[in-house]
Amino acid sequence: MAPVVPPSHTGWVNRVLTQQRVLRDVEVVARAGLPTVEFLGEALTSMERAVPHAGACVAHLDPTTHLNTGAHKFGSVKGTRDRDREWAELEFLSGDPTAMAELAHAGVTVVGMASWTRRHGLTSPRMTEFMTAHYGYVDEARIVLRDGREVWGGMSLMRLPEHGEFDDDDLALLGQLAAPLALGMRTGLLARLAESAPAAVGPAVVIVGADDRIHQVSDNAEERLADLLSASVDEPMGTIASLVGAARRYAAGDSGRPARCRVRGRSGIWLVLHATTLSNRAGGTGDVVVSIDEARPPEILPLVVAAFDLTPRERDVAFLVLQGVDTKEIAARLHLSAYTVQDHLKSIFDKAGVRSRRELMARIWFDQYVPRVGGGLAPDGWFASVSPS
């Protein structure tokens, strides 16, 4: 006669099995090479089975500076925009130790806000003044999407009273999911090639006032701001607010990290953004100037190479290949045998999904620049506008 399994034990076994299936499902979909929004939709649908939640917000983070470069909303927060500015102030300007960038810099993978505030004897203005006050959420789980070496994003899951707080098992599973979610984010970043290159409009300038609102823009800024819009968010202010907050903290000496990030726009074109505070001759400050320009290859090369998850030695080889150095010279510079260099090249080609040096250069180096080659140079030394065909 089979032993009788207590109901409580049966529930625990079912929960463990569900968690294992969810982890396996997310790992599979992370390797499917899906665009970011499609990947996140699939992953969150699976995660809902093991970690119920009312809403989710997933932000792209620049791996170097950990600044927010765009976000996607799901569930009960999808389509909401009326309080984005208020949330941005709490997330980017308040110096909250549970802000996603701060967690990333601190090496933290996951926190449950309810348990975190109790453990530290603190309150979170983001939770009390925003999440609970406006949406009725009782808890938020914050997951830093790190694949071991690089941070590619941050995910927030929100719960209503009927869900209860995130418990230790929930947080442990979310910690395990961080790496496959990061994999899906970084592969999604490269899931599409750039569209045909737009006209070279030059750097755009946006001036944000002390009230954290855009006060002035250059003539070409609207085009650049439009390219910052993600597929599911109709407001680029999250990226701008992240930079503004970082610039003010840097100017105040509260941070040693300059306000700079790289963003892939809706067009597939890489942009680089930089922010700095303005001061008048009397010493007053308040305004922040944000510049937006098309990224040059050296600015995005480290990010794109990192997205292929190359080992440190593979990165060394890839950088030399992209400079046109032949195998024999690579071997000499890195003190390797030619056979070892070839082994590294094979691994690099496999990870990048290419078959040759030429394809690798096209995949990494010239994704958005090849359409401009041969079109002449503008006075600033960069490629001139592309004439319509």
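Before reading further, recall that the structure is shown in the block above.
Residues numbered from 1 in each chain as written. Predicted model: local features only at pLDDT ≥ 70, side-chain atom pairs only at ≥ 80, totals over all residues. Heavy atoms only, no water.

> When you look at the pattern of salt bridges in this model, what are you seeing that I'm missing?
All told, the structure shown has 20 salt bridges when counted by the stated rule. Its salt-bridge partner being Arg142, residue Glu91 comes within 3.0 Å of it at the nearest N-O pair. With a gap of 51 residues between them, Glu91 in helix α3 (residues 84–93) and Arg142 in strand β4 (residues 139–146) connect regions that are remote in the sequence. Owing to a relative accessible area of 5%, Glu91 belongs among the buried residues under this scheme. A relative accessible area of 1% means that Arg142 is categorised as buried. One salt bridge connects Arg126 with Asp96, and the closest N-O pair in it is separated by 2.8 Å. Residue Arg126 is found in helix α6 (residues 125–135), and its partner Asp96 is found in the loop between α3 and α4 (100–106); the two are separated by 30 residues along the sequence. For Arg126, a relative accessible area of 1% translates into the label buried. The network of salt bridges with common partners includes Arg15, Arg159, Asp167, Asp169 and Asp170. (Salt bridge = Lys/Arg side-chain N within 4 Å of Asp/Glu carboxyl O. Helix = DSSP H or I, 4+ residues; strand = E, 2+ residues; numbered from the N terminus. Buried < 20%, exposed > 50% of the residue type's maximum accessible area, 1.4 Å probe, protein only.)

> Explanation requested: the sheet that holds strand β5 (residues 151–159) in the structure shown.
Pairing between the strands of a sheet comes from backbone hydrogen bonds, and it takes one of two forms, parallel or antiparallel. The five strands are arranged β2-β1-β5-β4-β3 in an open sheet whose pairing can be described as antiparallel. The sheet is open, and its two edges are formed by β2 (68–75) and β3 (110–112), each paired on a single side. The sheet shows a mean angle of 15° between the axes of neighbouring strands, taken without regard to direction. Strand direction decides the pairing type here: strand β1 (residues 55–61) and β5, joined by six bridges, are antiparallel. Residue pairing in the sheet places Ala56 in a bridge with Leu157 of β5. Strands in contact with helix α2 (residues 36–50) are β1, β2 and β5; relative to β2, the strand with the most contacts, it is inclined by about 45°. Its contacts with the sheet put helix α5 (residues 113–120) on β3 and β4, and the angle it makes with β3 is roughly 80°. (Pairing = 2+ DSSP bridges. Axes fitted to C-alpha atoms, helices over the stretch in contact; angles between N-to-C directions. Contact = heavy atoms within 4.5 Å.)

> Would you mind going over the nonpolar core with me for this structure?
Generally speaking, nonpolar side chains in soluble globular proteins are found buried as a group. Core analysis: the biggest nonpolar cluster contains 62 residues, and Met47, Met155, Leu157, Leu174 and Leu181 have the highest contact counts within it. Broken down by element, this core gets its largest block of residues, ten residues, from helix α7 (residues 168–189). Setting aside residues up to four positions removed in sequence, Met47 forms contacts with Val22, Val26, Met155, Leu157, Leu174, Leu177 and Leu181. (Core = buried A, V, L, I, M, F, W, Y, C linked by side-chain atoms within 4.5 Å.)

> Please explain the packing of aromatic side chains as it appears in this structure.
For any pair of aromatic rings, the description rests on two quantities: the centre-to-centre distance and the angle between the ring planes. With the rule as written, the count across this model stands at three aromatic pairs. Between Trp87 and Phe92, the ring centres sit 5.4 Å apart and the planes meet at 80°, which makes this aromatic pair edge-to-face. The exposure class assigned to Phe92 is buried, which follows from its relative accessible area of 7%. (Phe/Tyr/Trp six-rings, centres within 6.5 Å; stacked < 30°, edge-to-face > 60°.)

> How do you make sense of helix α13 (residues 338–352) when you look at a structure like this?
Side chains that are three or four residues apart share a direction in an α-helix, a result of its 3.6 residues per turn. Between its first and last C-alpha, α13 extends 21 Å over 15 residues, near the 21 Å set by a 1.5 Å rise per residue. Just downstream of α13, Gly353 is the residue with a positive phi angle, here 70°. (Expected span 1.5 Å × (residues − 1).)

> I keep staring at the pairing of strand β6 (residues 204–208) and nothing clicks. Help me out?
Both faces of the sheet carry side chains from a regular strand, because those side chains alternate between them. Counting buried residues in β6 gives four out of five residues, a clear majority hidden from the surface. Pairing of β6 with strand β7 (residues 214–217) involves three bridges; the strand directions are antiparallel. Opposite Val206, over in β7, you have Val217 as the bridge partner. The hairpin formed by β6 and β7 contains five residues between the paired strands, and Asp212 there has a positive phi angle of roughly 65°.

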